[in-house]
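Secondary and tertiary structure notes
One letter stands for each residue in the lines below.
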Amino acid sequence: MSVLSIQHVNQFFGSGTARVHVLHDVNFDAKPGTLSLIIGPSGSGKSTFLTIAGGLLTPTDGDVLFDGQSYKDTSKKAREQLRLDSIGFILQAYHLLPYLTVADQFKLVDKVKKLHNLTPMELNELLNQLGIQDLINKFPNELSGGQQQRVAIARALYPDPKILLADEPTAALDTARVKVVGNLFQELAHTRNKAVVIVTHDIRLKEFADQIYELRDGTLTKQSTKVFV
Amino acid sequence: MFLALKEIRKEKLRSGLIISMIVLISYLIFILTSLALGLARENTDAIDSWGIQNITLDANANVDMRQSLLTAPQVGTLTDKEAYIGQASVVAKATGHERISSVFIGLDSHQFVAKKIKLTTGHMPQTNHEVVVDTSFQESGYQLGDTFKLNADNTNYKIVGFTKNAKMNVAPVIYGQLSTWSSLKGTSSSTIASAIVSKNINYRTSSHALKTYSISKFINKMPGYQAQNLTFGLMIGFLMGISLIVIAVFLYILTMQKLPNYAVLRAQGIPSKILVGATVSQSLILVLSGLVISSILTIITAISMPSAVPMAFDIPILIVVGVGLMIMSLIGGLIPVRSVLRVDPISVIGG
Ligand SMILES: Nc1ncnc2c1ncn2[C@@H]1O[C@H](COP(=O)(O)OP(=O)(O)OP(=O)(O)O)[C@@H](O)[C@H]1O
Ligand SMILES: [Mg+2]
């Protein structure tokens, strides 16, 4: 069963002659244990797709189900709670609060969501894996773009979400780091049974994906499905 | 609270600037309040020390004791709750001393007002050449036993006592006997005083030529008193208003810069009440620290200010002013909360 199911979603922005059709009848399912990669050029609607998937934006048309329940039947507050508990967002920019150290970014989550976050040991392991364990007392402005991005990934994983929605998570990373992050996402899907959805134009991530989609001018088409033995 | 404290710690310079601005504004307001209070008290200190409820003057004196003269038939009989006051404007002069414009108050030593005067040293006048003066005479170099002349009169008056905070119309008071007042004023034998004061709240004159006024009405009619208080009140009010605007603008700018970060937190499902809490507690922490520092500055000022400067540091009044500033800045801090509540998580998605 899908964690996230996007059904016949159409999204328009603007009105009158300025009306643009950004997503065309998009259908998509994110299953636990699967890494889905959505590849598309700039302006193709990737971020719009993620906003709708995360329940931040209600699509003009169509339905989005999380764990079988439509966002339409969920209150704003409940969707907010869902994002706190079950959805890990990795955003394209501004991921980290500038006045919190890396350690405090996690502490903030503890303040708001008291239960079921990663244990200190699990967090440590995750930071090690991402190669940022030594940066724990640094502020975001003391980190490189790639380091910030990895902290943001750790921050999104910290509440132990069911699904991970990542917007260009590898934009600032070199090929070696892309491998590390790709492996991490793959492992999250395969060994921890998370549904991982990545939207990107970075084709270097293709080798880690179980399902690859292409988003072009708002139309989503399935490219291939790897079969795992 | 967590976010607010962390942010203040990281942004030391920015927070320091805002705090020092609040310190300056509130210090200015505290000092102005104390000055206003000090000046107001120099108008009324002597009257306050008498413990009276009302004052009876000539009905045509326009509520001004200096213009009032009462005759014995007008006054009639008095109880022990009433007392005569004879007021005269005088200039005290003595060789080797600067002239001091003063208010002469003649008292009947058997009546309650004379008994109410508290001396720091010496005794009340026993002859009509003896006087008790405000301690500001001491600061001008006069000592117990010194003499001075009043106006063009050639009589030497001897200082037999000092009393603190004896001020009226922003001038020091010289207390003497009622008979001394009569001779200073050069009045006819039928006039006995400038005013009747009473500690009986129900006392009313029975004479049509006289009128009894409540003490607050009398004080408000003192020359310059209301204008002075109004001026200071307006200044303090404007400063409060300005501080509201300044604090609001600063907090607004601070918050606006954080909105993209807040949008991310909202997208991550952090409840907006956490963010509103951070904004409000940040304003509170900044304003409170500013107020604490300026209170310390005010205390230091109060200790080191020479007594010639008419300043009165009244703690309850200063607390009220501080709370007023606190409320002003809370209002200022609430304006950006609206923007925090409205922050749209979608705005940060997309890059
Ligand atoms: N709120 C909006 N109002 C109007 N048009 C919008 C809005 N949001 C997005 N669009 C338009 O929708 C299209 C898709 O935008 P989107 O941000 O989803 O692209 P993207 O694939 O994430 O691009 P990039 O790779 O540059 O991040 C763009 O043409 C954009 O101009
Ligand atoms: Mg985008």
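Residues numbered from 1 in each chain as written. Chains lettered and ligands numbered in written order. Predicted model: local features only at pLDDT ≥ 70, side-chain atom pairs only at ≥ 80, totals over all residues. Heavy atoms only, no water.

Re the overall build of chain A
Each helix and strand counted, chain A has six helices and 10 strands in total. Whereas a compact globule of 229 residues would reach a radius of gyration of roughly 17 Å, chain A reaches 17 Å, a difference of no more than 12%. Along the first, second and third principal axes, the C-alpha atoms of chain A reach 50 × 40 × 35 Å. For chain A, the proportion of its 229 residues judged to be buried stands at 55%. Taking all contacts inside chain A whose residues are at least 6 apart in sequence as the whole, residues at least 24 apart take part in 70%. Accessible area of chain A: about 10100 Å², with a carbon and sulfur share of 51%. Distance between charge centres in chain A, computed from 25 positive and 24 negative side chains, equals 2 Å. (Helix = DSSP H or I, 4+ residues; strand = E, 2+ residues; numbered from the N terminus. Rg over C-alpha atoms; globule rule 2.2 N^0.38 Å. Buried < 20%, exposed > 50% of the residue type's maximum accessible area, 1.4 Å probe, protein only. Contact = heavy atoms within 4.5 Å. Areas by Shrake-Rupley, 256 points an atom, 1.4 Å probe, with all protein chains shown as cover. Lys, Arg positive; Asp, Glu negative; His and termini not counted. Charge placed at Lys NZ, Arg CZ, Asp CG, Glu CD.)

So, the UniProt feature "transmembrane region" (unreviewed entry) in chain B
Residues and elements named next belong to chain B. As annotated in UniProt, the feature "transmembrane region" (unreviewed entry) corresponds to residues 16-39, 230-254, 274-303 and 315-337 in the numbering used here. Structurally, residues 230-254 comprises 100% helix and 0% strand, and the distance from its first C-alpha atom to its last is 36 Å. Here residues 315-337 runs as 100% helix and 0% strand, with 33 Å between its end C-alpha atoms. (UniProt positions renumbered as here; feature names shortened; annotations may be inferred.)

Some points on empty space enclosed by the protein
Throughout the structure, instances matching the rule amount to three cavities of 30 Å³ or more. Approximately 70 Å³ is the volume attributed to the largest cavity. Contributing to the lining of the largest cavity are Val63(B), Asp64(B), Met65(B), Arg66(B), Gln87(B), Met168(B), Asn169(B), Phe218(B), Lys221(B), Met222(B) and Pro223(B). Classifying every residue of the lining of the largest cavity by side-chain character gives six nonpolar, two polar and three charged. Of the pockets and cavities examined, the second largest cavity occupies roughly 60 Å³. In terms of lining, the second largest cavity is formed by Arg83(A), Leu84(A), Ile87(A), Gly88(A), Phe89(A), Arg155(A), Ala156(A), Pro159(A) and Gln268(B). Those elements that provide at least two residues to the lining of the second largest cavity are α2 (76-85), β6 (87-90) and α5 (145-157) of chain A. Top contributing element to the lining of the second largest cavity by residue count: β6(A), with three residues. Partitioned by chemical class, the residues of the lining of the second largest cavity number five nonpolar, two polar and two charged. (1 Å grid on protein atoms, 1.4 Å probe; cavity = no way out; pocket = protein on both sides within 12 Å on 5 of 7 lines; lining within 4 Å. Points joined across faces, edges and corners; volume = space filled by probe spheres on them. Nonpolar A, V, L, I, M, F, W, Y, C, P; charged D, E, K, R; others polar.)

What about the interface of chain B and chain A?
On the chain A side, the residues contacting the 25 residues of chain B number 27 residues. The tally of links between chain B and chain A comes to two salt bridges. Of the charged contacts in the structure, one is a salt bridge between Glu80(A) and Arg266(B), with a shortest N-O distance of 2.9 Å. Mapped onto the side of chain B that touches chain A, the elements with two or more residues apiece are α1 (2-10), α8 (225-267) and α9 (272-304) of chain B. Here the side of chain B that touches chain A takes eight residues from α8(B), the largest share from any one element. Its residues placed into classes, the side of chain B that touches chain A shows 14 nonpolar, six polar and five charged. (Salt bridge = Lys/Arg side-chain N within 4 Å of Asp/Glu carboxyl O.)

Considering the site of ligand 1
Not every one of the 13 residues close to ligand 1 is listed here, only the nearest: Ser42(A), Gly43(A), Lys46(A), Ser47(A) and Thr48(A). Chains contributing residues near ligand 1 are chains A and B. With respect to ligand 1, the side chain of Lys46(A) contributes an N or O atom lying 2.7 Å from an oxygen atom. Contact with the protein chains hides 60% of the accessible area of ligand 1, taken as 630 Å² for the molecule alone. In the shell around ligand 1, the residues fall into three nonpolar, eight polar and two charged. (Near = heavy atom within 4 Å. Polar contact = N/O pair within 3.5 Å; in protein donor to acceptor, adjacent residues only side chain to side chain.)

Quick word on α5(A)
Residue and element names in this part refer to chain A. With 13 residues, α5 should reach 18 Å at 1.5 Å per residue; the first-to-last C-alpha distance of 19 Å fits that figure. For α5, the buried fraction is high: 10 of the 13 residues fall into the buried class. Along its buried surface, α5 packs onto β6, α3 (102-112), α4 (120-130), β7 (163-167) and α6 (175-190). (Expected span 1.5 Å × (residues − 1).)

Some points on the packing of α4(A) against α6(A)
Residues and elements named next belong to chain A. Relative orientation of the contacting elements α4 and α6 amounts to 145°, with a least axis distance of 9 Å. Seen from α4, the contacting residues are Leu126, Gln129 and Leu130; seen from α6, they are Arg177, Val180, Val181, Leu184 and Glu187. Class assignment of the residues belonging to the contact of α4 with α6 gives a composition of five nonpolar, one polar and two charged. (Axes fitted to C-alpha atoms, helices over the stretch in contact; angles between N-to-C directions.)

Looking at the nonpolar core
Counting 53 residues, the largest nonpolar core has Leu4(A), Ile6(A), Phe28(A), Ile38(A), Phe49(A), Ile163(A) and Leu3(B) as the members making the most contacts within it. By residue number, the principal contributor to this core is α8(B), which donates six residues. Those residues within four positions of Phe49(A) in sequence are excluded, and the remaining contacts are Ile6(A), Leu23(A), Val26(A), Phe28(A), Ile38(A), Val197(A), Val199(A) and Leu220(A). In terms of nonpolar packing, the next biggest core, distinct from the first, is built from 37 residues, Leu35(A), Leu135(A), Ala156(A) and Leu157(A) among them. (Core = buried A, V, L, I, M, F, W, Y, C linked by side-chain atoms within 4.5 Å.)

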